[in-house]
Every structure is written in C-alpha cells, then in structure tokens.
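Chain and residue survey
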Amino acid sequence: MSHEDCIFCKIIKGEIPSAKVYEDEHVYAFLDISQVTKGHTLVIPKQHTRNLYDTPSEVASNLFAAVPRIANAIKDTYGAIGMNLLNNNEAAANQQVFHLHLHLLPKYSEEEGFSAIWKTHADDYSMDDLQHIAQEINKNVAN
Ligand code: AMP
Ligand code: ZN
C-alpha cells in the first residue's frame, strides 16, 4: 500500500508534517510548500502509485471524485477567479515526487492564464501560516 521511502506516503502517515486541506478513505490533500499561488494544493491517493501510468482506474476514480469539492473550497476561501489542474508524469514532464499527485493552482488575476510563472513562494509562509490557510480551506469543503 505505502512505499517506505516515499515522502508523500510519509505525509499521509503523519511522519512528515503537512498542512492538511482534506482527507477521506482514499484521498489526502495538503498545501504544496511552494505555494506557487495562495492555496496551491496537492491531491494524492492514499494508495501509493508512481504516476498515471501505473494507477488502477479505481484509484484514479476515487482520487478524482474528491477534486471538485476541494477546488470549490479553495475557490470560495480566497476568491480565486480561475484554477489550473496540473499533473506531471515522469521526469521528462518535470515530475519530482514519484507518488501520483494533482496540483490545484488557483488564479487571482485575469492576466495569469496558463502562462503563469512557476515560482516558489515557500519563503513567504511559515508552517503556522500554511496550517492556517489549510484550515480555512478545509472549513469550506462541502460534505
Ligand atoms: P512535481 O514536480 O509535480 O513532482 O511536484 C512536486 C511538488 O511537491 C512540488 O511543487 C513541491 O513543492 C511539492 N512538495 C515537495 N515536498 C513537499 C512537502 N513536504 N510538503 C508539501 N509539498 C511538497
Ligand atoms: Zn507514496
């Protein structure tokens, strides 16, 4: 089920701290430390898969089932006017963590579009800041 050396499996198990946005039986969602935009969230399956290529349909279905509610919660919390869903598969596509994950990237400006510069803002947020943002979003996830 989980892979010993996988950083995201450790996050699911609570062995590495994260700012949790949402959790259910199959899915875990937490803030991306890089916060490319405020509320930038990663949605991952609890069952470890490397990326889309080795992901069973059922795992993919359960993963995606949670995405609209998380997207709406992010949108409602900080008034995002757009959102990109991004998924990188293999190093050639810039996959850096080899546990399947979907990036939810809220957009706050009409100008950004798809061409937004991928720039980390990790230095702008403390772990307390991230926990606060995650809790704000979590309150807005519909049941
Ligand atoms: P990718 O390039 O799609 O594999 O993205 C990996 C993402 O994971 C990057 O955007 C990182 O900022 C993010 N990331 C790596 N380690 C952590 C962590 N411990 N907590 C939150 N996000 C992380
Ligand atoms: Zn994993």
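- Where an unreviewed UniProt entry is consulted, the chain appears under the name HIT family protein, with the organism given as Ornithinibacillus sp. 4-3.

Some thoughts on the sheet that holds strand β5 (residues 102-107)
- The strand order across the open sheet formed by five strands is β1-β2-β3-β5-β4, and the pairing between neighbours is antiparallel. Whereas interior strands pair on both sides, the edge strands pair on one side only; in this sheet they are β1 (20-23) and β4 (82-86). Sheet twist, expressed as the average angle between the axes of neighbouring strands with direction ignored, equals 20°.
- Contacts between helix α2 (residues 57-65) and the sheet are confined to β2 (27-31), β3 (41-45), β4 and β5, with β3 contributing the most and set at about 145° to the helix.
- Each of β1, β2 and β3 touches helix α4 (residues 127-139); the most contacted strand, β1, lies at about 40° to it.

So, the nonpolar core
- Grouped together as the largest cluster of nonpolar side chains are 22 residues, with contacts concentrated most on Val-21, Tyr-22, Leu-31, Val-43, Ile-70, Leu-104 and Ile-137.
- Listed by contribution, the elements that provide at least two residues to this core are β1, β2, α3 (67-78), β5 and α4.
- Setting aside chain neighbours within four positions, we find Ile-70 in contact with Val-21, Tyr-22, Ala-29, Thr-41, Val-43 and Leu-104.
- Counting residues in each nonpolar core, the second largest holds nine residues, with Cys-9, Tyr-28, Leu-42 and Ile-44 among its members.

What counts, and where the lines are drawn
- Residues numbered from 1 in each chain as written.
- Chains lettered and ligands numbered in written order.
- Predicted model: local features only at pLDDT ≥ 70, side-chain atom pairs only at ≥ 80, totals over all residues.
- Heavy atoms only, no water.
- Pairing = 2+ DSSP bridges.
- Helix = DSSP H or I, 4+ residues; strand = E, 2+ residues; numbered from the N terminus.
- Axes fitted to C-alpha atoms, helices over the stretch in contact; angles between N-to-C directions.
- Contact = heavy atoms within 4.5 Å.
- Core = buried A, V, L, I, M, F, W, Y, C linked by side-chain atoms within 4.5 Å.
- Buried < 20%, exposed > 50% of the residue type's maximum accessible area, 1.4 Å probe, protein only.

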